[in-house]
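Structure at a glance
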Amino acid sequence: MMGPDRVDVDFYIGKLLERFPEHHDAHFKLGAFYEALRYYKRAASAYSRQLTINPNHDRAAERLARVSLVLEAKGDAPISLDELRRGAERKPKRYLPLL
């Protein structure tokens, strides 16, 4: 998956998650890695998982919203309308523009 000059981050974070599936920040880091590679669906999945583990992870919510906008522009939004509504109830300034 990666070139010789890159660390296989998803492999190492995957190993961490095998041991600690409810890690407080690993899914966020994995999402950021996927987002940097423009694997937006994978990034959205990782950010969503992070929010399942920690609903108050503000950065994961922000990044999920951003990735969702990119995917929506491509016609493939990963976040449901219900999830956006729940987010808007918690943090209106971040989520209301997405509704």
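Residues numbered from 1 in each chain as written. Predicted model: local features only at pLDDT ≥ 70, side-chain atom pairs only at ≥ 80, totals over all residues. Heavy atoms only, no water.

Bringing the packing of helix α2 (residues 26–36) against helix α4 (residues 58–73) into the picture now. It is the contact of α2 with α4, at a shortest axis distance of 10 Å, that shows an interaxial angle of 30°. Comparing their axes, α4 and α2 come out roughly parallel. When the axes of α2 and α4 are compared, the crossing they make is left-handed. Listed contacts from α4 to Phe 28, Ala 32 and Glu 35 of α2 are Arg 59, Ala 60, Arg 63, Arg 66 and Val 67. (Axes fitted to C-alpha atoms, helices over the stretch in contact; angles between N-to-C directions. Helix = DSSP H or I, 4+ residues; strand = E, 2+ residues; numbered from the N terminus. Parallel < 35°, antiparallel > 145°, perpendicular 65-115°, else oblique. Left-handed = near helix turned anticlockwise from the far one by under 90°. Contact = heavy atoms within 4.5 Å.)

With 16 residues, α4 should cover 22 Å at 1.5 Å per step; its first-to-last C-alpha distance of 23 Å lies within 8% of that length. Phi turns positive one or two residues past the end of α4, at Gly 75, with a value near 80°. (Expected span 1.5 Å × (residues − 1).)

Moving on to the nonpolar core. Residues Leu 30, Tyr 47 and Val 67 are the most contacted members of the largest nonpolar core, which totals 19 residues. Those elements that provide at least two residues to this core are α1 (9–19), α2, α3 (40–53) and α4. Excluding residues within four positions of it along the chain, Val 67 makes contact with Glu 35, Tyr 40, Ala 43, Ala 44 and Tyr 47. (Core = buried A, V, L, I, M, F, W, Y, C linked by side-chain atoms within 4.5 Å. Buried < 20%, exposed > 50% of the residue type's maximum accessible area, 1.4 Å probe, protein only.)

Quick look at the packing of α3 against α4 now. Remark: α3 packs on α4, axes separated minimally by 9 Å, with the N-to-C direction vectors making an angle of 150°. As the angle between them shows, α3 and α4 are arranged roughly antiparallel. Pair α3 / α4 crosses with left-handed handedness. Where α3 abuts α4, its residues Tyr 40, Lys 41, Ala 43, Ala 44, Tyr 47, Ser 48, Gln 50 and Leu 51 lie against Ala 60, Ala 61, Arg 63, Leu 64, Val 67, Val 70 and Leu 71. Taken together, the residues of the contact of α3 with α4 sort by class into 11 nonpolar, two polar and two charged. (Nonpolar A, V, L, I, M, F, W, Y, C, P; charged D, E, K, R; others polar.)

In this model, Arg 38 sits at a positive phi of 65°, which is unusual for a non-glycine residue. Overall, Arg 38 belongs to the exposed group, its relative accessible area being 63%.

Checked against the element boundaries, Thr 52 lands in helix α3. Taking the relative accessible area as the measure of exposure, Thr 52 reaches 56% and is therefore exposed. Expressed as a C-alpha distance, the spacing of Thr 52 and Glu 22, which sit 30 residues apart in the sequence, is 9.4 Å.

Moving on, we come to the pattern of salt bridges. Applying the stated rule across the entire model yields four salt bridges. With its nearest N and O atoms 2.9 Å apart, the salt bridge here joins Lys 29 to Asp 25. Each member of the salt-bridge network shares a partner with another, and the members are Glu 35, Arg 63 and Arg 66. (Salt bridge = Lys/Arg side-chain N within 4 Å of Asp/Glu carboxyl O.)

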